[in-house]
Protein chains: 2
Amino acid sequence: MEPIRVLQWGLGAMGSGMARLMLEKSGLKIEAVIDGRPDYVGKDLGDVLGVGKSLGVTITNRPEDVLKKEKVDLVILATTSWLSEQMPDLRKVLSAGINCISIAEEMADPYAQSPELARELDELAKKHGVSVLGTGVNPGFVLDLLVVTLTGGNHSVERIEASRVNDLSPYGPTVMKSQGVGTTPEAFRAGVADGSIVGHVGFPESIHMISDALGLGVDRIEQSREPIISKVHRETPHVTVEPGMVAGCAHIGVGYRGDKEVIRLIHPQQIHPQLENQDTGDYIHIYGKPEIHMAVKPEIAGGIATMGIAVNMIPHVVAATPGLKRMIDLPAPAALMGESAYSRHI
Amino acid sequence: MEPIRVLQWGLGAMGSGMARLMLEKSGLKIEAVIDGRPDYVGKDLGDVLGVGKSLGVTITNRPEDVLKKEKVDLVILATTSWLSEQMPDLRKVLSAGINCISIAEEMADPYAQSPELARELDELAKKHGVSVLGTGVNPGFVLDLLVVTLTGGNHSVERIEASRVNDLSPYGPTVMKSQGVGTTPEAFRAGVADGSIVGHVGFPESIHMISDALGLGVDRIEQSREPIISKVHRETPHVTVEPGMVAGCAHIGVGYRGDKEVIRLIHPQQIHPQLENQDTGDYIHIYGKPEIHMAVKPEIAGGIATMGIAVNMIPHVVAATPGLKRMIDLPAPAALMGESAYSRHI
């Protein structure tokens, strides 16, 4: 069986991690790489990844040179969180007749915030006989697909509450800034107001996916971002938080049907939550018949699982019927460990 | 949007529960019912279910009268656990050009134990342009689909261990007998030897599904059934267990690739496990990168979820491409709570 030929577009932390992962997978072959960094262009992928050998794949900043459907079965886009920013590249990939997986958070369910762009993508994919999927650990997995799956045997669902408690300590200064870590409560509120503190990107997408999958009829989504004010000293190589300062962002998204709250998603992101006795973990509570309470402790590792799920979905996307897909539209993701993981679709 | 027209075949505990559930679902309509019980034949479904009104559906024991694709979109088969016993009915349904969902445990993955019958079903379904799925809480959900889904972000999976600890106390004498509850350890071992004590039906199917989805290459499955010898007095309306007697069956299935154990599924079924401080629950442990530990406490309710998942999969099966499907081949199950749960496939 021939390996699936992949074009990796974007070699940031996620993109280069996915490229390394694909090198381990017998059913996948990296055929080309696009990245615009001047110090990457023209170099061999093996040198940039530091794998100690040449891979025979030269990094290019010219998409038109490598987006050729005779050579590539699927593109992984790892360039931005935002749909509008990614649309020009998505149009190029689909118009070239190539399948696509994006880890842009807003691509997890473009119908949530940009139904017109979603319809454009769906039509473009169908016109060219390919499929396009947005995925990642969250949105795309923990607070949506896993929630939906857990309702699979339910006779009824009245209300859903799910939370993901993680530890930002391994991350660098960019993440600290976007979550408000190390600021004062006042500066945090100002940062939320001016858009520099964003919290989690993906609540509208996750809530829309759950509502759509179950038919919960959510017609309004509200979000709140509150500072997590530390009671203790917390510290990472990049930031120091004294008591009274902000250790992170408590971001909540709530979906309503009329006046009734039906979905509540909670994602407090902070450094060292265990210093105040908070266990990191993923928690899902389904209220209905039957009631279901799930815990994954510690939480499913974020960066690792985003790289993993994008790569693991490749055979599903290549095998899918044409169109725009969400994780709720395709078979369950599965770690790619051997032959049948690729061949079972045929 | 027109409701999906369903034929319910089999009105035992599961079948009548599914029929009751379907009456609550706006997107489903029970069009016909097949059951051979002499006291059911010729009666209205509403009378048999005791819903207090006629439903205009007369129960028949003549499949040939109601298996008509102009009238029925999908059949739910709830008649037996065993594939060979169900094959004649499956052939009738598929040959009539009607989609099918079966809750026979062996139908969860017929490739596991009967690859020839599986291929026959796949070809027959494709020939008539319909799809056929086996499902249920287990096999079909807890110890296979949920396991596979949880590996979705993994870079690697070395080994999987999952267990389902439930409480048999609500069940009647048939289940007590098939699990050996209330016997002596000697009688238990004799019952396992002569096949009257079966334990759980579904380990080969669950292990095969996981192995196939991930490509784990399992080439041998071993099962063991041991008596759970009670240390305390346990009692239900149907059985009494004194200390030293058997409270249930500890059934384990292990999948090997060569000499290496890669999947271990554990399902101790007994009455009143909490009397010996065992929490009922579903537990999944993925060893690999990353490591994942999941717990659902208490366990996802068995009978309720089997009825639920069979009904909830109806829109997925109607929308699927033709052929024999397993839960790993279709989108995630989702509780059917409103319009978009049915229409999102179109």
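Residues numbered from 1 in each chain as written. Chains lettered and ligands numbered in written order. Predicted model: local features only at pLDDT ≥ 70, side-chain atom pairs only at ≥ 80, totals over all residues. Heavy atoms only, no water.

## Thoughts on the domain arrangement of chain A
Residues and elements named next belong to chain A. Assigned domains within chain A: domain 1 (4-136 + 304-345) and domain 2 (145-299). Here the C-alpha centre of domain 2 lies 27 Å away from the C-alpha centre of domain 1. Facing 12 residues of domain 1, the contacting portion of domain 2 comprises nine residues. Among the residues domain 1 hides against domain 2, the three largest losses belong to Glu-105, Asp-109 and Ile-328. Together they make up 39% of the total. Counting the contacts that link domain 1 with domain 2 gives one salt bridge. Among the salt bridges present, the one from Asp-212 reaches Arg-326, with a minimum N-O distance of 2.9 Å. Inspection of the domain 1/domain 2 interface yields three residue pairs in polar contact (both at pLDDT 80 or more). Split by residue class, the side of domain 1 that touches domain 2 holds seven nonpolar, one polar and four charged. (Domains from an automatic or database assignment. Contact = heavy atoms within 4.5 Å. Buried area = accessible area lost by both parts, 1.4 Å probe. Salt bridge = Lys/Arg side-chain N within 4 Å of Asp/Glu carboxyl O. Polar contact = N/O pair within 3.5 Å; in protein donor to acceptor, adjacent residues only side chain to side chain. Nonpolar A, V, L, I, M, F, W, Y, C, P; charged D, E, K, R; others polar.)

## Some words on the environment of Pro-110 of chain A
Residues and elements named next belong to chain A. For Pro-110, the location among the structural elements is in the loop between strand S5 (99-102) and helix H5 (115-127). C-alpha of Pro-110 to C-alpha of Glu-242: the two residues are 132 residues apart in sequence and 39 Å apart in space. Dropping the residues within four chain positions of it, Pro-110 is found in contact with Leu-83, Pro-115, Ala-118 and Leu-324. (Helix = DSSP H or I, 4+ residues; strand = E, 2+ residues; numbered from the N terminus.)

## Describing the pairing of strand S14 (residues 292-296) of chain A
Side chains of S14 of chain A alternate between two faces, with Ile-292, Met-294 and Val-296 of chain A buried and His-293 and Ala-295 of chain A left unburied. Pairing analysis gives five bridges linking strand S13 (residues 281-289) of chain A to S14 of chain A, with the strands arranged antiparallel. When the bridges of S14 of chain A are listed, Ile-286 of chain A appears paired with Ile-292 of chain A. Between S13 of chain A and S14 of chain A, which pair antiparallel and follow one another directly, the connecting turn spans two residues. Summarising the sheet, S14 of chain A and strand S14 (residues 292-296) of chain B pair through three bridges and their orientation is antiparallel. Bridge assignment links Met-294 of chain A to a residue of S14 of chain B, and that residue is Val-296 of chain B. (Buried < 20%, exposed > 50% of the residue type's maximum accessible area, 1.4 Å probe, protein only. Pairing = 2+ DSSP bridges.)

## Let's talk about the sheet that holds strand S8 (residues 220-229) of chain A
Pairing within the open sheet is mixed, and its 12 strands lie in the order S8(A)-S11(A)-S12(A)-S7(A)-S13(A)-S14(A)-S14(B)-S13(B)-S7(B)-S12(B)-S11(B)-S8(B). Pairing within the sheet leaves two strands with one partner each, and these edge strands are S8 of chain A together with strand S8 (220-229) of chain B. With direction set aside, neighbouring strand axes in the sheet form an average angle of 10°. Where S8 of chain B and strand S11 (residues 246-257) of chain B come together, 10 bridges link them in antiparallel fashion. Counted as the bridge partner of Gln-223 of chain B is Gly-253 of chain B from S11 of chain B. (Axes fitted to C-alpha atoms, helices over the stretch in contact; angles between N-to-C directions.)

## A closer look at the pairing of strand S4 (residues 74-77) of chain B
All names here are of chain B. Here S4 shows no split at all, with Leu-74 and Ile-76 on one side and Val-75 and Leu-77 on the other all buried. Where strand S1 (residues 4-9) lies against S4, four bridges are found, and the strand directions are parallel. The partner of Leu-7 across the bridge, within S4, is Val-75. In the sheet, S4 pairs with strand S5 (residues 99-102) via four bridges, with the strands oriented parallel. Counted as the bridge partner of Ile-76 is Ile-101 from S5. Handedness of the S4-helix H4 (residues 83-95)-S5 crossover: right-handed. (Right-handed = clockwise from strand over helix to strand, strands pointing away.)

## A short note on the packing of helix H1 (residues 13-23) of chain A against helix H10 (residues 302-312) of chain A
All names here are of chain A. The interhelical angle for the contact between H1 and H10, taken along N-to-C directions, is 55°, at an axis separation of 9 Å. Taken together, H1 and H10 sit at an angle that is classed as oblique. Crossing of H1 over H10 shows right-handed handedness. Note on element contacts: H10 touches H1 through Gly-303, Thr-306, Met-307, Gly-308, Ala-310 and Val-311, opposite Ala-13, Met-14, Gly-17, Met-18, Leu-21 and Met-22. (Parallel < 35°, antiparallel > 145°, perpendicular 65-115°, else oblique. Left-handed = near helix turned anticlockwise from the far one by under 90°.)

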